[in-house]
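Spelled out, the chains give:
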Amino acid sequence: MKLLPDGRLYRALVLGTATVVLGLGIYFLVAWLVTDDTGCAHGVEKRGTKSECTGVTDGSFHFAEALAPVFGRIKAENDSIADKSPATVALMIPMISDNPAEQHEFTEQVQGAYLAQYRANHQANGQRPPIRLLLANPGRNYEFWEPVAQQLADAAASPTENLRAVTGINISLKETEKAIAFLTAAKGIPVVAGPMTADDIMNSAARPHAYPGLARVAPSNSDQAAALGSFGSDIKPAETMVVEDVREDDNYLTTLRQAFEKLAKGAPHAPETFRSPTDFNDEGNLANDFHQMVPDICSSDAKTIYFAGRPVQLRQFLIELGRRNCAKHYTVISGSHASTLTVDAKFQDQWASLTAGAGITVRYAALAHPDSWSGDGPETPGGSRRAYKELADLATTFGNTSATGIGRTSLSDSRTIITYDSVTTAISGIRNDTVGKVEMPTLDEVANSWLRLHGGNRVNGAGGWICLDQYGNPYNKAVAIVHLDPVTKSAAFDRLAWPAGRAPDANCSIRTGG
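Nothing here was measured: the structure is a model prediction, and the numbers come from that model.

Rules and cut-offs
Residues numbered from 1 in each chain as written. Predicted model: local features only at pLDDT ≥ 70, side-chain atom pairs only at ≥ 80, totals over all residues. Heavy atoms only, no water. Pairing = 2+ DSSP bridges. Helix = DSSP H or I, 4+ residues; strand = E, 2+ residues; numbered from the N terminus. Axes fitted to C-alpha atoms, helices over the stretch in contact; angles between N-to-C directions. Contact = heavy atoms within 4.5 Å. Parallel < 35°, antiparallel > 145°, perpendicular 65-115°, else oblique. Nonpolar A, V, L, I, M, F, W, Y, C, P; charged D, E, K, R; others polar. 1 Å grid on protein atoms, 1.4 Å probe; cavity = no way out; pocket = protein on both sides within 12 Å on 5 of 7 lines; lining within 4 Å. Points joined across faces, edges and corners; volume = space filled by probe spheres on them.

Participant: What's the story with the sheet that holds strand E13 (residues 360–366) in this structure? I'm lost.
Facilitator: Strands in a sheet are paired, the pairing made by backbone hydrogen bonds, and the direction either parallel or antiparallel. A sheet is described by the order of its strands in space; here seven strands give the open sequence E10-E9-E11-E12-E13-E16-E17, paired in mixed fashion. Taken across any chain shown, the strands that pair with only one partner, and hence form the sheet edges, are strand E10 (272–274) and strand E17 (490–497). Mean inter-strand twist for the sheet, computed between neighbouring axes without regard to direction, equals 25 degrees. For strand E9 (residues 240–245) and E10, the ladder comprises three bridges, and the chain directions are parallel. Bridge pairing in E10 links Asp245 to Phe274. Here helix H6 (residues 221–231) sits on the sheet in contact with strand E12 (330–334), E13, strand E16 (479–485) and E17, set at roughly 85 degrees to E17.

Right, dumping it as structure tokens:
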């Protein structure tokens, strides 16, 4: 009995079909083998022209080799509390940079977040809930903030993830602003920004609900300028000049320009301007621009220069100013991002620029500095020696390259301190609402807790008291005025200054009108 027909035509048909099937199989096999896999790890995907791994991890995947030690400790800590109903806090910062100085700062911020997590879980008298830490990489300059922020929103909606706050936001850009608006206004997720200082990404009397649930722990650019103004009250506007970056879509630059132009009101010369590349870590040809700018500065009456720019451009400017022909001493004043110069490898052999000729004093408002509260003596309003010592001791314990270490740590450039304070503030808000029968506060309850973090409920941050006003902004936060020391190649502490021109009272009272 024949089940299949005979014949040349049939055999040809079978052979052709088999060939097509085999060909398709080989095609899809080869395509599967050669097509780039967009997955880096669970929750992390390759995105963009650089195929950067972006997304959210619990420490299982480290985005850069420098992050491996601290990510390992975070993963171990998360695993140790997995069965204890933890609340989750996310650190959202770029994790990868081609600029070694910036990569160093990113690593410091993750270290600060871990130290805050460790303290909360091991040195807080058993307060609950325990804290789980997620690490969210939105890409260089927050390019992929949207899919990553959506992952965080999913974690906030999950009854098992229990994400209750996003912390650490560190660069004042339009992309950052969009990310914060999405998290707070669209998704109702509380945010505690870290080293973000732009004046236009905050709630205010004019825009009280622009970012509902946003809190900040760093003094704004205008607060920094006010503190610098009180420190340099003897500076004569007629002897000042502003050098400013006019690049658009950078909130840090925009508000720093405005703050410095206000300080230099009455200066006889219009600001000297330049435009940095879209990626502010690019060198571009700006050394040429600054070279041409120096003779005009020399011929002016300026003795103090307010520099509104990012660290790469500040480095380029200082090197060119150090090569000037005029025998004049200059004081160059800049914003908090100037702290990057202390870890900038390209500046390490250029510190002599500050001692050339009559010298250059580089002064800026640091977000924090170890010498602010590290000395002996009685406590003074505005900061806590105990809070700083707790962080310093943790940094000493874990700041090594052993199997249980997080890599070498440093508190001198403020990044570790301010991120530690950002995460600590978020944890304070979460735990202040975990009372009575409440085991896990809602997102709204956490956001509303910012309204109570002042007076006796202030956060004793390692970088100074954090007393949040009704808009979630730090009131009269301590500003460490520092200068670059070419001998030690570090930031030397001058003294504390206050945006309100005076230290807060013992109760951290928030006064009407500032």
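Participant: Before we go on, may I ask you to explain the packing of helix H3 (residues 100–122) against helix H10 (residues 385–398) in this structure?
Facilitator: The geometry of a pair of packed helices is captured by two quantities: the angle between their axes and the separation between those axes. Following both chains from N to C, one finds H3 and H10 inclined at 105 degrees, their axes separated by 10 Å at the closest point. By the angle between their axes, H3 is roughly perpendicular relative to H10. Counting all contacts with H3, which are made through Tyr114, Leu115, Tyr118 and Arg119, the residues of H10 involved are Glu390, Leu391, Leu394, Ala395 and Phe398. For the contact of H3 with H10, the per-class residue count stands at seven nonpolar, no polar and two charged.

Participant: Which parts of the structure should I look at to understand empty space enclosed by the protein?
Facilitator: A water-sized probe rolled over the atoms picks out the places where empty space is left. Summed over all chains, the structure comprises three cavities of 30 Å³ or more. What the largest cavity holds in volume is close to 130 Å³. Asn170, Ile171, Arg310, His337 and Arg415 are the residues nearest the centre of the largest cavity, which is lined by 16 residues in total. Element by element, the count of residues in the lining of the largest cavity is highest for H3, at four residues. Volume-wise, the second largest cavity comes out at about 60 Å³. Around the second largest cavity, the lining residues are Asn99, Glu102, Glu105, Phe280, Asn281, Arg310, Pro311, Val312, His337 and Thr340. At the level of secondary structure, the elements contributing two or more residues to the lining of the second largest cavity comprise H3 and helix H9 (311–322). Looking at the lining of the second largest cavity residue by residue, the class counts come to three nonpolar, four polar and three charged.

On their own, these measurements won't tell you what the molecule is for.
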